[in-house]
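Coordinates in review
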Amino acid sequence: MTTRCGFVAVVGRPNVGKSTLINAIMGRKISIVTNKPQTTRHRILAVHTEADTQIIFVDTPGIHRKANRAMNRLMNRTAANALADADLVLFVAEATRWTDEDEDVLNRLGSVRAPVIALLNKVDRVQPKERLLEALATMSTRHDFAEIFPISALKRDNLAELMQAIPGYLPESPPMFPEEMHTDRSKEFLAAEVIREKLTEMLHQEIPYGLTVQIESYEVDDDRITIHAIILVDRDSQKGIVVGKGGHVLKTVGQSARLELCELLDSRVHLELWVKVKDNWSDSEQDLLRLGYE
C-alpha cells in the first residue's frame, strides 16, 4: 500500500485563526488560542496520522509587518523557514476582511516552491451568503492557488473536504513519526503555554507581549503532577500588574490554568507561579534563544 507523508505549513497574518484550525483538525489542543496577536510564538508540529497518510501540520507565528523587536524578527524567520521546508502551504485569510498584512504574507508566497491552498476562514460570519461567492472570486485573482476552500475553523465547517484534498499534494513516503504521536512538543511546553494563554486573556494593553513563561520543575507522582513555573516580564512596572492587587491576577490565572491542565493532562495538578523581571528579554536574541525560542 502506498503511503504519503509530508509537511503542511499553515501561514497567515497574526490572529487569523491558524491555531484554531489546527486544533479543530486534530480534535485536541495543540496550540493555545486567544483573541490577541502574537499568541503563537513558536513553530509547533501537529501530527495527524490516518490509514495510509501522515500529515505534519506546522503551526507558525503570524507574519508581522513591523519587526522592530527581536521577538518579531525571530517569529518572522520561523514562519519563513516553515515555508521553505513545506510540501504544501495552507494560506489562511478571513473571508470578508483583507489587510496589508494579508498582502505581505501573500507576497512571500510568490517564491515558495510548494503548492498553496487558500483557506477563507470565518465563513460562519458572512452575511448575506452571496458575499462569500464574491470573496472566493476575488481571492482567485490574487494568486495561482492550487485550490480555494471556504471554511470555519471555529465551527469546523468544510474541514472534512479539506482533509480529503491534502494527501494528494504530499509525496510518497513512510511516516516520519509514530502513529500515537500528536505533537513534537512536550507536556512541559504545553503547561507553559496554557499559563501564558490565561495571562494573555486576562491582561490588557502591551503586557502580554512582554511576558513569557518558563517551567522550573515538572514532577509526576502517583496521584498528581506538581508544576513550578516562572512568569518573566520585561520591566519592573509590569510585575505588579501581573501579580495584581492582593495577588488577585496571579491567583485567578493559576486557578484557571490548573483546571485546564487537569483536563489536558488527565491528572490532578498542583501549580505554583512566581513572577520575575528580566529587562528587555523580548528584544534580545540571546535571551530569546536561551528561553527556547527558535
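Scroll up for the structure.
Report on the accompanying structure. (Residues numbered from 1 in each chain as written. Predicted model: local features only at pLDDT ≥ 70, side-chain atom pairs only at ≥ 80, totals over all residues. Heavy atoms only, no water.)

Another aspect to go through is the sheet that holds strand 7 (residues 211–220). Here 3 strands make up an open sheet; going across it, the order is 7-8-9 and the pairing mixed. Here the strands that pair on one side only, and so sit at the sheet edges, are strand 7 and strand 9 (268–277). When strand polarity is set aside, the average angle formed by the axes of neighbouring strands in this sheet is 20°. Strands in contact with helix 7 (residues 236–243) are strand 7, strand 8 (224–233) and strand 9; relative to strand 9, the strand with the most contacts, it is inclined by about 150°. (Pairing = 2+ DSSP bridges. Helix = DSSP H or I, 4+ residues; strand = E, 2+ residues; numbered from the N terminus. Axes fitted to C-alpha atoms, helices over the stretch in contact; angles between N-to-C directions. Contact = heavy atoms within 4.5 Å.)

Our next topic: the environment of Leu-159. For Leu-159, the position within the fold is in helix 5 (residues 159–165). Taking relative accessible area as the criterion, Leu-159 reaches 7% and is therefore assigned buried. With 134 residues separating them in the primary sequence, Leu-159 and Ile-25 have C-alpha atoms 7.1 Å apart. Here Leu-159 is in contact with Leu-21, Ala-24, Ile-25 and Ile-151, once residues within four sequence places are set aside. (Buried < 20%, exposed > 50% of the residue type's maximum accessible area, 1.4 Å probe, protein only.)

Another point: the environment of Ile-148. Tracing the backbone through its elements, the reader meets Ile-148 in strand 6 (residues 147–150). Residues Ile-148 and Ile-230, 82 residues apart in the sequence, show an inter-C-alpha distance of 43 Å. With residues near it in sequence (within four places) discarded, Ile-148 still touches Ala-118, Leu-120, Leu-136, Met-139 and Ser-140.

To continue, consider the pattern of salt bridges. Under the definition given, this model contains 15 salt bridges. Lys-122 is paired through a salt bridge with Glu-94; the nearest N and O atoms lie 3.3 Å apart. Of the two residues, Lys-122 sits in the loop between strand 5 (116–121) and helix 4 (130–140) while Glu-94 sits in strand 4 (residues 88–94), which places them 28 residues apart along the sequence. You can call Lys-122 buried: its relative accessible area is 17%. Glu-94 gets classed as buried once you look at its relative accessible area, which sits at 13%. The residue Glu-193 makes a salt bridge to Arg-196 at a minimum N-O spacing of 3.0 Å. Of the two residues, Glu-193 and Arg-196 are both situated in helix 6 (residues 187–202); the distance of 3 residues between them amounts to about one turn of the helix. In terms of burial, Glu-193 and Arg-196 fall into one category: buried. What you see here is one network of salt bridges that share partners, running through Arg-13, Glu-94, Arg-97, Asp-102 and Lys-122. (Salt bridge = Lys/Arg side-chain N within 4 Å of Asp/Glu carboxyl O.)

With that out of the way, let us pick up the packing of aromatic side chains. Counted according to the given criterion, the structure contains 3 aromatic pairs. Both rings, one in Phe-91 and one in Trp-98, keep their centres 6.1 Å apart while their planes meet at 80°; by these two values the pair is edge-to-face. Connected via pairs of aromatic rings, a cluster forms that spans Phe-91, Trp-98 and Phe-145. Sitting over the face of the ring of Phe-189, Arg-185 holds its NZ or CZ atom 4.4 Å from the ring centroid. (Phe/Tyr/Trp six-rings, centres within 6.5 Å; stacked < 30°, edge-to-face > 60°. Lys NZ or Arg CZ within 6 Å of the ring centre and 35° of its normal.)

This part covers the environment of Val-105. If you trace the backbone, Val-105 turns up in helix 3 (residues 100–108). Along the backbone, Val-105 and Val-11 are 94 residues apart, and their C-alpha atoms lie at a distance of 7.8 Å.

Structurally, Ser-19 is set in helix 1 (residues 18–26). A distance of 2.8 Å separates a polar atom in the side chain of Ser-19 from a polar atom in the side chain of Thr-40. Sequence-distant contacts of Ser-19, that is, excluding residues within four places in its chain, are made with Ser-31, Ile-32, Val-33, Thr-40 and Asp-59. (Polar contact = N/O pair within 3.5 Å; in protein donor to acceptor, adjacent residues only side chain to side chain.)

Attention now moves to the sheet that holds strand 3 (residues 53–59). If you trace the 6 strands from one edge of the open sheet to the other, you get 2-3-1-4-5-6, paired in mixed fashion. Unpaired on one side and paired on the other, strand 2 (44–50) and strand 6 mark the two borders of the sheet. Taken over all neighbouring pairs, the strand axes of this sheet differ in orientation by 25° on average, direction set aside. As paired elements, strand 1 (residues 4–11) and strand 3 share 7 bridges and run parallel to each other.

Buried residues dominate helix 1, accounting for 9 of its 9 residues. Within two residues after helix 1, Gly-27 carries a phi angle of roughly 70°, on the positive side.

Once that is clear, we can look at helix 3. Of all the positions in helix 3, only Asp-102, Val-105 and Leu-106 are classed as buried. Angular distribution of buried residues about the axis of helix 3 spans 100°; they occupy a single face of the element. Exposed residues on helix 3 whose side chains face more than 90 degrees from its buried face are Asp-100 and Asn-107. On its buried face, helix 3 sits against strand 1 and strand 4. The N-cap residue of helix 3 is Thr-99: its side-chain oxygen and the backbone nitrogen of Glu-101 are 3.2 Å apart. (Arc of directions from axis to C-beta.)

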